[in-house]
Amino acid sequence: MSPPAVALATRRIEQARAQENFPVALRVLPRRHRRHLLAVYRYARHVDDLGDEPLAPGVDRLTALDRVETELRALYAGRPVSDRVVRALAPTVAECRLPLDPLLRLVEANRVDQHVSRYATFAQLVDYCTLSANPVGELVLHVFGQAGPARLALSDRICTALQLVEHLQDVAEDYRRGRVYLPAEDLDRFGVTQADLTGPTADRRLRELIGFEAERARAWLDAGAPLVAALHGWARLAVGGYLAGGRATLDALARADYDPLRVTVRPRGRRVFRRWLSAMVRSAG
């Protein structure tokens, strides 16, 4: 990966942090943790870009993703690595003992995106989140040295919820990319067609569907919330921030009357902070 490409990836991760649902805790973390988290996020963004963003002419997405997997396996085998984003993971892999599997699952999620654009059931969507979202939470816990089976199970619930929330925020954008993350069974239940996703505003049926999915995501967030109290130190602050970002985004979606077609749904910083502070108080209690 060329130096300009690395610079682009860095800019994109900074932009993503400004737009995504968990910016609060990152700003207060010690430099060591920030460095490792940014290496993980930069890698995740790099893989997502290979799956989603325009590539150079003649570059095949699946071939590019296969190359990332090859580079990852080389890194873990102690062989030379040419991909600069993967190579930048080396200190984090060594110091935090990152497992290989969640990094590979992020690659696999983007392979899935190349041939799956619709999900028939909610259960299928949750299965996809085990590839696209849950690995990030697992890596975060390893960065803080606090991964364990019970904590990972709670983390999976939070990460799945955050992925569901992101899908609700980006309904229109995802449709323009040719993807629909609203389960077909729920579209049918609420009488919503895919054509309804193209309008300037959401009609009553689509807003009811979005509201239903939002409450479902909130339930998954609540189910994972005990993770905050199960952690200590900086990990508790960071994960509390991620949880707060998800809840604040759901609040913003409700304020928009569950219409992500009409407005860009993003949480306000002060509201995220209040949700974060609330999570800290609850975990201390």
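The present account deals with the structure reproduced in this document.

Rules used in this analysis
Residues numbered from 1 in each chain as written. Predicted model: local features only at pLDDT ≥ 70, side-chain atom pairs only at ≥ 80, totals over all residues. Heavy atoms only, no water. Axes fitted to C-alpha atoms, helices over the stretch in contact; angles between N-to-C directions. Helix = DSSP H or I, 4+ residues; strand = E, 2+ residues; numbered from the N terminus. Parallel < 35°, antiparallel > 145°, perpendicular 65-115°, else oblique. Left-handed = near helix turned anticlockwise from the far one by under 90°. Contact = heavy atoms within 4.5 Å. Nonpolar A, V, L, I, M, F, W, Y, C, P; charged D, E, K, R; others polar. Core = buried A, V, L, I, M, F, W, Y, C linked by side-chain atoms within 4.5 Å. Buried < 20%, exposed > 50% of the residue type's maximum accessible area, 1.4 Å probe, protein only. Salt bridge = Lys/Arg side-chain N within 4 Å of Asp/Glu carboxyl O. Phe/Tyr/Trp six-rings, centres within 6.5 Å; stacked < 30°, edge-to-face > 60°.

Here we come to the packing of helix 9 (residues 149–169) against helix 12 (residues 204–224). Packing of helix 9 against helix 12 brings their axes to within 7 Å, and their N-to-C directions diverge by 160 degrees. Overall, the two elements helix 9 and helix 12 adopt an arrangement that is roughly antiparallel. In terms of crossing hand, the pair formed by helix 9 and helix 12 is left-handed. Mapping the contact onto sequence places Leu154, Arg157, Ile158, Thr160, Ala161, Leu162, Leu164, Val165 and Leu168 in helix 9 and Ile210, Glu213, Ala214, Ala217, Trp220, Leu221, Ala223 and Gly224 in helix 12. The class makeup of the residues in the contact of helix 9 with helix 12 is 13 nonpolar, two polar and two charged.

Next up on the list: the nonpolar core. If you look at the biggest cluster of nonpolar residues, it comprises 80 residues, and the most contacted ones within it are Tyr43, Leu72, Leu182 and Leu206. Excluding residues that lie within four positions of it along the chain, Leu72 makes contacts with Tyr43, Val86, Leu89, Leu100, Leu103, Leu104 and Val107.

What follows is about the pattern of salt bridges. Tallying each qualifying case throughout the model produces 21 salt bridges. Notably, a salt bridge pairs Asp251 with Arg218, separated by 3.8 Å at the nearest N-O pair. With Asp251 in helix 14 (residues 234–255) and Arg218 in helix 12, this residue pair connects regions lying 33 residues apart in the sequence. Arg218 carries the same exposure label as Asp251, and that label is buried. Of the charged contacts, one joins Asp222 and Arg247 as a salt bridge, the two residues approaching to 2.7 Å between their closest N and O atoms. Of this pair, Asp222 sits in helix 12 while Arg247 sits in helix 14, placing them 25 residues apart in sequence. The network of salt bridges with common partners includes Asp66, Glu69, Arg73, Glu108 and Arg111.

This next bit is on the packing of aromatic side chains. This structure, assessed with the given rule, holds five aromatic pairs. Where Tyr119 meets Tyr128, the ring centres are 5.4 Å apart and the plane angle is 40 degrees; that geometry is what we call tilted. Given the relative accessible area of 8%, Tyr128 is considered buried. Both rings, one in Phe122 and one in Trp220, keep their centres 6.3 Å apart while their planes meet at 70 degrees; by these two values the pair is edge-to-face. Of this pair, Phe122 sits in helix 7 (residues 122–132) while Trp220 sits in helix 12; the two residues are 98 residues apart in sequence, bridging distant segments of the chain. Overall, Phe122 belongs to the buried group, its relative accessible area being 11%. Of the aromatic side chains, those joined through ring pairs into one cluster are Tyr119, Tyr128 and Tyr181.

None of this, on its own, says anything about what the molecule does.
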